[in-house]
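Chain and residue survey
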Amino acid sequence: MLQLEMRRTQLKEKHNPAAHSKEDALASLFDGHYESVVRYIFVRIGDRADAEELAGDVFLRAVKSLGSFRGSQEQMRFWVYRVARNIVVDYYRKRSKRHTVPLEPADAVEAQDVEQTAERNLQLEAVAKALDRLTPAQREVIGLRFFAGLTSEEAGRVMGKSSGAVREMQRSAIEKLRGLVRD
Amino acid sequence: MKDRDLNRLLDECIDRMNRGQTLDEALAGCPGEAEQLRPMLEAAYGLRDNVEPAPTSGAKMANRRKLQQALNARREKAESRGWAFAPFVPVFNRQVALAAVSSVLLVAVVAAGLVTALTGGAVINPPTGINTAGGEIAAFDSEAAMVAYLQESDELYASGAWGLGGVFRGGAFEQSPALPPVPSANDGASIASGDESKSQADRVSGTNVQVQGIDEPDIVKTDGTNIYFSHEDWWFYGGIRIEVAGTEDEIWPVPTVEDRSGIDIIDAFPLANMSVIGEIDLSGDLLLYGDTLMVFGWDGITAYDVADPQSPAQKWQIDIEDSTSTVAARLYNGKVYLVTQTWLNSYDPLPIVPMKVDGVPVEIGYASVYYPIAPVPADATYNAMVVNPDTGAIESSMSFVGQAYTSVVYMSPSAIYITYTYQENILPLAFDFCINYCQGLLPQTVIDRINTLQGYDISDTAKLTEIQVIIGDWLNSLSGDARAVAENDLANRLADYYDLHKRDLERTGIVKIDLAGFTTSATGSVPGSVLNQFSLDEHNGYLRIATTVGDTWGGTFMGIWWFDSESANDVYVLDGSLAVVGVVQGLGLTERIYAVRFIGDEGYVVTFRQVDPFYVLDLSDPANPRLAGELKIPGYSSYLHPISEDIILGIGQEDWQVKLSLFDVTDPANPVEIDKYTMAEYWTDVSSTHHAFMLDDVHQIFFLPAGESGYVFSYAGNQMTLVKAVTDIRAKRALYMDDYLYIVGDGSVVVYDEVTWEQVGELKF
């Protein structure tokens, strides 16, 4: 049944290039951007399993608020990131203390060469440490720009900052990262 | 180089890399700064590539499923509220459980056998061979009869005899199919001017409705002095951008999650002291009758006396029960006509209690519940009621059983038409397919077994299962190659057979309720399904209805896929007793209806798949309707509005942009697109509700919201010119009072003088 359902979705897209409703738009957003949403959350919270769970919540919350969403499909994309942002905020709020979970290597399990894995882990550890030294806002900019792939204007809309401010922040975040990773 | 410039270059490089360019390609655009930028980009993308988590596919699928369920539930709610967008979703709730069985046969073999399939592609008259049966209804004579009917219906449903288990309808671009679409309810109505100071405008626009004089609920209403505006809940994702003079900086005030639900009462005329003078802490669509403001909320209808708008007083309240949802409402001649839908418990259906009026339950007994004589899948009752707007009292009502969430309501000045779409019992066609259509494919022994099955005294459900078992056994007996060939042949025949019988599978029943006496005066049915209320229209005693048939994505039969049945679109003309007297069939083969408008003796139908055929139908002779002309253009229109006798405005989309077209239909045989305007917007609310559109024929302008902005176009000289664009007010609606145009947005109300187009007023919320 699931297969059948997916088949239909594909067909539907083939026949109807334009999404026809907000529901359709959200569903196709999921299909196209789910991974990016997971990555964005992941960078914010540093835990893969939680990130996937929260990504599911993002879309469910988006459905709830869909009635209030007014805008184009393009706008819906960063609206979803706004929802994601709020979900992350809630996530931290629920955890009395902010504890960071070390970032885990994406494909450590698959990596066959132990030496390579170890090296990679070291590298990742450095990255994780570096990320952890960024301010939450810097971390968010990194998440939105590099992991979610939003433009600085879109990232600005999500964060409530001007695109100029986003550019400023991303520069400082990158400079800081550079320094940290190099050290 | 200034820091800011470097920031910008860095930003551009990131954009390029996000679009897939390599580091070197991205840096090629700025050779002078490449050295500075390279290490930064390496650091950032090195980070990304190192930590990129690959989401697990299991979690993704689980989340996708949850999303789909939530969307389905939302659609159902929306449809029940009449704000539906797409009807396609159908099948998660109950059919999913039966998928194992029902997805197999269903589609394949369709419908009730009695009907001669009409070939598509041509215009056929007269309507010989069209099955109009299935529409007769009768009232239940006992509770036991009602229970028996519902259980039979349940069983057939569960058996997959109905319901297209494996078939999915394509997603049409739906306009609010159920709730309330060209003339305003009180378009240009003259309201008696008051005293010398003139507290009321003489010329006031109403909501853009389908039938002049029959008002439909919407988020904005006005009485010529006050504007009642129901804000919807919204979640604001950005801020209003403020540019800082002399710099390239902008300020985006930090946005918060805001809940702006509630109704603002705005003293709007005369303009001088425009202000919010009252509020109601509820939101929903509104109807205004005299001093009574009715709010159609999620779970009820609340009426307020707004004689003193500064302190609205509650008059009455209807609480809609959880089992019930509002399908449509209209206001006509001082009465509210309300159609609701109530889920049925087939084992214990009575009493049906859809609502409470001021706390008192409204009960519907079996004797006032009608049922289609030919059993249809029935999981709900549709209840039509006349409500007194002064008291909330329900003065008359009638109910009938039908399939939930399939109804479209159209009201003319003399009758309410309620449609329900249903699937015919497919068993007769299942037999017909196997026995007559599979000669030469199925071995005679298999056909004989199936033939014998027909005479067995077992239920339809059991027979369907048996057919599948018999064919399954045969397929299993074949070798791999032979089986593949057989499956392929079977799939092709199924597709052909389905195509022949597509008008027999899915039908739309119509119940006509005369306003005088509020009784069922006629019932009938036509093939196919309807898009929205504009799909129906009554003219000179005849009902015209446009339907789409065969709109499926294919299905499975014994696990065999077949695809691409050829959809088609028909227009039927029915007389006062809902018997079909004329038909035009086979419009837009492989396409689906996107918009319909009947105007007098003419009908206009837009179908769409890749190009937008705009069809003109001559319906002047009900018994001999004919396709008069057609026009094929890119994109599609999802709303049609006559702006003069011979000019139709189409609002829709082309290449992801909102498109406006003017069609000249002076010569019905040769409709011409005389003007076209493509907006730099992706979306207009007019595509989801006609209420968002407004036209002022005195000044020859029309309004539509698109994106966050409101747009006013002139159509003088049959040419569209942008007169005014009001940006960033989250525009929703527009209305006029005298020569002032009020553009109402969630952010503010902006007023223009329609003569000079100067801004003459503004109110910020």
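This text gives an overview of the structure that appears in the document. None of these values were measured; they are calculated from a predicted model.

Another point: the overall build of chain B. What chain B contains, in helices and strands, is 12 helices and 46 strands. Looking at chain B as a whole, 53% of its 765 residues qualify as buried.

Let us look at helix 3 (residues 48–65) of chain A. Look at helix 3 of chain A: 25 Å from first C-alpha to last across 18 residues, which is about the 26 Å you get at 1.5 Å a residue. Of all the residues in helix 3 of chain A, the buried ones are Arg48, Ala51, Glu52, Leu54, Ala55, Gly56, Val58, Phe59, Ala62 and Val63 of chain A.

The subject of this paragraph is the nonpolar core. In this structure, Val605, Phe702, Tyr742 and Ile743 of chain B are the most contacted members of the largest nonpolar core, which totals 158 residues. The element best represented in this core is strand 22 (residues 415–423) of chain B, accounting for 6 residues. Not counting residues up to four positions away in its chain, the partners in contact with Val605 of chain B are Ala546, Asn569, Val571, Leu587, Ile593, Val596, Tyr615 and Leu617 of chain B. In terms of nonpolar packing, the next biggest core, distinct from the first, is built from 63 residues, Leu66, Tyr81 and Ala155 of chain A together with Leu71 of chain B among them.

On to the environment of Pro349 of chain B, then. Residues and elements named next belong to chain B. Inspection of the secondary structure puts Pro349 in the loop between strand 15 (335–343) and strand 16 (352–357). Among the residues examined, Pro349 registers 23 C-beta atoms within 10 Å and is labelled buried. It is 9.0 Å that separates the C-alpha atoms of Pro349 and Tyr366, two residues lying 17 residues apart in sequence. The residues contacting Pro349, other than those within four sequence positions of it, are Met146, Val147, Leu150 and Leu344.

Turning our attention to the sheet that holds strand 36 (residues 647–654) of chain B. All names here are of chain B. Here 4 strands make up an open sheet; going across it, the order is 35-36-37-38 and the pairing antiparallel. Strands with a single pairing partner mark the edges of an open sheet, and in this sheet they are strand 35 (636–644) and strand 38 (672–678). Averaged over all neighbouring strand pairs, the angle between strand axes comes to 25°, with direction disregarded. Relative to strand 36, strand 35 is paired through 7 bridges, and the arrangement is antiparallel. Note that in strand 36 the partner of His641 across the bridge is Leu649.

Now for unusual backbone geometry. Residues and elements named next belong to chain B. Geometrically, the link from Phe269 to Pro270 is a cis peptide bond, its omega value of -5° lying close to zero. Along the chain, the position of Pro270 falls in the loop between strand 8 (262–267) and strand 9 (275–280). Following Leu350, the chain continues into Pro351 via a peptide bond in cis, with omega recorded as -5°. Looking at the secondary structure, you find Pro351 in the loop between strand 15 and strand 16. The backbone of Phe518 shows a phi angle near 50°, a positive value even though the residue is not glycine. Following the sequence through the fold, Phe518 ends up in the loop between strand 23 (506–514) and strand 24 (519–527). Exposure remark for Phe518: the 18 C-beta atoms within 10 Å place this residue in the partly exposed category. A positive phi angle is found at Trp757, which is not glycine, with a value near 60°.

Quick look at the pairing of strand 45 (residues 748–753) of chain B now. Residues and elements named next belong to chain B. Sheet analysis places strand 44 (residues 740–745) next to strand 45, joined by 5 bridges and oriented antiparallel. Looking at strand 45, one finds that Tyr742 is bridged to Val751. Taken together, strand 44 and the strand that follows it, strand 45, pair antiparallel across an intervening segment of 2 residues. Where strand 45 folds back on strand 46 (residues 759–764), the antiparallel hairpin that results is connected by 5 residues, among which Trp757 adopts a positive phi of roughly 60°.

Attention now moves to the packing of helix 6 (residues 136–147) of chain A against helix 7 (residues 152–159) of chain A. All names here are of chain A. The N-to-C vectors of helix 6 and helix 7 enclose an angle of 135°; their axes lie 9 Å apart at closest approach. Classified by the angle between their axes, helix 6 and helix 7 sit oblique to one another. Every pair of crossing elements has a handedness; the one defined by helix 6 and helix 7 is right-handed. Note on element contacts: helix 7 touches helix 6 through Ser152, Ala155, Val158 and Met159, opposite Glu140, Val141, Leu144 and Arg145. Residues belonging to the contact of helix 6 with helix 7 are distributed by class as follows: 5 nonpolar, 1 polar and 2 charged.

Attention now moves to the sheet that holds strand 30 (residues 580–587) of chain B. Residues and elements named next belong to chain B. In space, the 4 strands of this open sheet follow the order 25-26-29-30, with antiparallel pairing throughout. The open sheet has two free edges, formed respectively by strand 25 (536–539) and strand 30, since each of these has just one partner strand. Sheet twist, expressed as the mean angle between neighbouring strand axes with direction ignored, is 15°. Where strand 29 (residues 568–574) and strand 30 come together, 5 bridges link them in antiparallel fashion. Of the residues in strand 30, the one forming a bridge with Val573 is Gly582.

Residues and elements named next belong to chain B. Here Tyr711 shows up in strand 41 (residues 709–714). Looking at Tyr711, the number of C-beta atoms within 10 Å reads 25, which means it is buried. Separated by 15 residues in sequence, Tyr711 and Val726 place their C-alpha atoms 6.4 Å apart. Setting aside anything within four residues of it in sequence, one finds Tyr711 in contact with Phe703, Leu704, Ala706, Leu722 and Ala725.

With that out of the way, let us pick up helix 9 (residues 444–454) of chain B. Residues and elements named next belong to chain B. For helix 9, the complete set of buried residues consists of Val446, Ile450 and Leu453. In a view along the axis of helix 9, the buried residues occupy a sector of 50°, so they form one face of it. Exposed side of helix 9, more than 90 degrees from the buried face: Gln444, Thr445 and Thr452 are the residues found there.

What follows is about the packing of helix 2 (residues 22–45) of chain A against helix 6 of chain A. All names here are of chain A. Between helix 2 and helix 6, the least distance of the axes is 9 Å, while the angle of their chain directions is 160°. Here helix 2 lies roughly antiparallel to helix 6, going by the angle between them. Between helix 2 and helix 6 the crossing geometry is right-handed. Taken together, the residues of helix 6 that come into contact with helix 2 (itself represented by Ser36, Arg39, Tyr40, Val43 and Arg44) are Arg139, Glu140, Ile142, Gly143, Leu144 and Phe147.

Below, the discussion takes up the pairing of strand 13 (residues 313–320) of chain B. Residue and element names in this part refer to chain B. Looking at chain direction, strand 12 (residues 300–305) and strand 13 are connected through 6 bridges and run antiparallel. Along strand 13, the bridge assignment pairs Asp305 with Ala313. Where strand 13 and strand 16 come together, 3 bridges link them in antiparallel fashion. The residue of strand 16 that forms the bridge with Ile318 is Val357.

Rules of the game
Residues numbered from 1 in each chain as written. Chains lettered and ligands numbered in written order. Predicted model: local features only at pLDDT ≥ 70, side-chain atom pairs only at ≥ 80, totals over all residues. Helix = DSSP H or I, 4+ residues; strand = E, 2+ residues; numbered from the N terminus. Buried ≥ 20, exposed ≤ 12 C-beta atoms within 10 Å, placed from the backbone. Expected span 1.5 Å × (residues − 1). Core = buried A, V, L, I, M, F, W, Y, C linked by C-beta atoms within 7 Å. Contact = placed C-beta atoms within 7 Å. Pairing = 2+ DSSP bridges. Axes fitted to C-alpha atoms, helices over the stretch in contact; angles between N-to-C directions. Parallel < 35°, antiparallel > 145°, perpendicular 65-115°, else oblique. Left-handed = near helix turned anticlockwise from the far one by under 90°. Nonpolar A, V, L, I, M, F, W, Y, C, P; charged D, E, K, R; others polar. Arc of directions from axis to C-beta.

Keep in mind these numbers describe shape, not what the thing actually does.
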